[in-house]
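# What the coordinates show
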Amino acid sequence: MNKNTITLIAALLASTLSVQASIILNVDFSNAGATNLQASDSFQNFNAAIASNTASQSFTPTTSGFTSGSITVGLGMTAASSANGALLQSRDRSYTLYPSPASGNMSGAYKDVYRDFYRLNSAASYNAGGVGGGAGGLVLTLSGLNPNQEYSFAWQSFDANANSSGLGTYNIRGFLITGTTSGATFQDANATTNVDPSSSISVYGANSASALFPSVTSDASGVLSFRFAVDVINGGTLQTAFINSFELAAVPEPSTYALFGGLAVVLVAFLRRRK
C-alpha cells in the first residue's frame, strides 16, 4: 500500500470520526440573578429566564440541526414532590470546597459550571428515589427534539458543601422517564466534596460528579425527560437532588459509519486496480 493510499484512507477515517456524537446543547443551571459563566466553558445560562422558589421554569436555548424546530428546556419536579409543596431553588457555593480553607478552591475551566445549581428547597421534597425507591425528585424535560432520534445525555451534580455538617456522602441518580434506551435506565453522579471536579465535564465513573447516558432515543413527539433523585452512599442527613448542568449530543446513525467504511473499501480496491 503506497503513501497516497494511506493518506486517502486516513482522510476517510478522519471524516468518520468527525461525525461522532457532537454536542448540540450545553446548559448551566446558574444561581438565579447571577451571570457565573466563563467564556471558556461554552455553556448557555438557564437563569436568563428563571427565578428561585418557583414550581417550574423553562426556556428556549440557541440550538441547531433540528428538523422539528427549537428545543425547550423545562425544569420541574415529580407529582410527589409537588404535592409536598416543594419549590425550585438555586444555590451558589462560589468556588470554595468544604471544609475551607483546607480543601482549597475549584480552579478548572468548568468551575462556573460546578459552583451553582438548582435543587428542590424543602424537607418535604427530600427524595430518596435511588436504590431505596421513592417518587420524589427534579424532572428535566427536553422537548422539540427530532422524533425517534438517538442522543447522548450527560449531566453534572456537585455541591461543594455536600459533606458539611454531617450531611453524608451520596449520589444523584438520574432516571430516564420519557424516551427509550438499550442500556441502563439510570446513571449516578457522585456529589462527594473535597475533590475539585472542575477540570472536566466528560469524566464519568463511580467517583465522578458527571454521569452519562450514552444512548437514549426521543419518543415519537421528540421528547426526552429525566428524574433526578438522591441515592445515599454513606449515612448523614438525606439531601435533596440537584443539577448543575447538562450536555445533549446527537448520535449519528450506524449507516453513516457504514457509508464511510464502504467508501474506504471501494477506494482501496480502485487504487489496487490502477497499479
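Cut-offs used in this document
- Residues numbered from 1 in each chain as written.
- Predicted model: local features only at pLDDT ≥ 70, side-chain atom pairs only at ≥ 80, totals over all residues.
- Heavy atoms only, no water.
- Helix = DSSP H or I, 4+ residues; strand = E, 2+ residues; numbered from the N terminus.
- Buried < 20%, exposed > 50% of the residue type's maximum accessible area, 1.4 Å probe, protein only.
- Contact = heavy atoms within 4.5 Å.
- Areas by Shrake-Rupley, 256 points an atom, 1.4 Å probe, with all protein chains shown as cover.
- Pairing = 2+ DSSP bridges.
- pLDDT = per-residue confidence, 0-100.
- Core = buried A, V, L, I, M, F, W, Y, C linked by side-chain atoms within 4.5 Å.
- Phe/Tyr/Trp six-rings, centres within 6.5 Å; stacked < 30°, edge-to-face > 60°.
- Lys NZ or Arg CZ within 6 Å of the ring centre and 35° of its normal.

Our next topic: the overall build of the protein. Assigned secondary structure in the protein consists of 4 helices and 14 strands. Residues counted as buried form 48% of the 275 residues belonging to the protein. In the protein, of all internal contacts separated by at least 6 residues, the share reaching a separation of at least 24 is 76%. Accessible surface, the protein: about 12,100 Å² in total, of which carbon and sulfur atoms supply 54%.

The subject of this paragraph is the sheet that holds strand 14 (residues 245–250). The strand order across the open sheet formed by 5 strands is 2-1-14-8-11, and the pairing between neighbours is mixed. Because the sheet does not close on itself, it has two edges, and the strands there are strand 2 (44–45) and strand 11 (210–217). Across 6 bridges, the pairing between strand 1 (residues 22–28) and strand 14 is antiparallel. Pairing of Ser22 across the sheet is with Ala250, part of strand 14.

For Ser200, the location among the structural elements is in the loop between strand 10 (186–190) and strand 11. Those residues within four positions of Ser200 in sequence are excluded, and the remaining contacts are Tyr110 and Tyr114.

A few words now on the environment of Val223. Tracing the backbone shows Val223 in the loop between strand 11 and strand 12 (224–234). Relative accessible area serves as the criterion here: at 17%, Val223 is assigned to the buried category. Separated by 75 residues in sequence, Val223 and Asn148 place their C-alpha atoms 8.8 Å apart. Excluding residues within four positions of it along the chain, Val223 makes contact with Thr141, Leu142, Ser143, Leu145, Thr178, Gly179 and Ser218.

Looking at the protein, pLDDT values average 74 and 63% of them are 70 or higher. Counted against residues more than four places away or in other chains, residues 64–68, with its pLDDT under 50, gives 13 contacts. Low pLDDT, under 50, characterises residues 255–267; the stretch is placed with 14 contacts to residues that sit more than four places away or in other chains.

Another point: the nonpolar core. In a soluble, globular protein the nonpolar side chains are often hidden away together inside. Core analysis: the biggest nonpolar cluster contains 40 residues, and Phe29, Leu140, Phe153, Trp155, Phe228, Phe246 and Leu248 have the highest contact counts within it. Setting aside residues no more than four positions away along its own chain, Phe153 makes contact with Leu140, Leu142, Ala211, Leu212, Phe213, Val216, Phe226, Phe228, Phe246, Glu247 and Leu248. Membership of the second largest hydrophobic core comes to 10 residues, among which are Leu97, Tyr110, Ala160 and Ala209.

To continue, consider the packing of aromatic side chains. Within the structure shown, the criterion is met by 10 aromatic pairs. Taken together, Phe29, Phe153, Trp155, Phe213, Phe226, Phe228 and Phe246 form an aromatic cluster joined through their ring pairs. The residue whose ring lies beneath Lys111 is Tyr95, and the NZ or CZ to ring-centre distance is 4.7 Å. Over the ring of Tyr95 we find Arg115, and its NZ or CZ is 4.5 Å from the ring centre.

Attention now goes to the environment of Phe213. Topologically, Phe213 is positioned in strand 11. For Phe213, a relative accessible area of 1% puts it in the buried group. Between the alpha carbons of Phe213 and Phe186 there is a distance of 7.9 Å; along the sequence they are 27 residues apart. Those residues within four positions of Phe213 in sequence are excluded, and the remaining contacts are Tyr151, Ser152, Phe153, Trp155, Gly174, Phe175, Leu176, Ala184, Thr185, Phe186, Gln187 and Phe226.

Take the pairing of strand 6 (residues 116–120) next. Here is the key point about a regular strand: its side chains alternate between the two faces of the sheet. Taken across its 5 residues, strand 6 has 5 buried, putting it largely inside the fold. Every second residue of strand 6 is oriented toward a common face, with Asp116, Tyr118 and Leu120 on one face and Phe117 and Arg119 on the other, all of them buried. Alignment of strand 6 against strand 13 (residues 242–243), held across 2 bridges, turns out to be antiparallel. Along strand 13, the bridge assignment pairs Tyr118 with Ile243.

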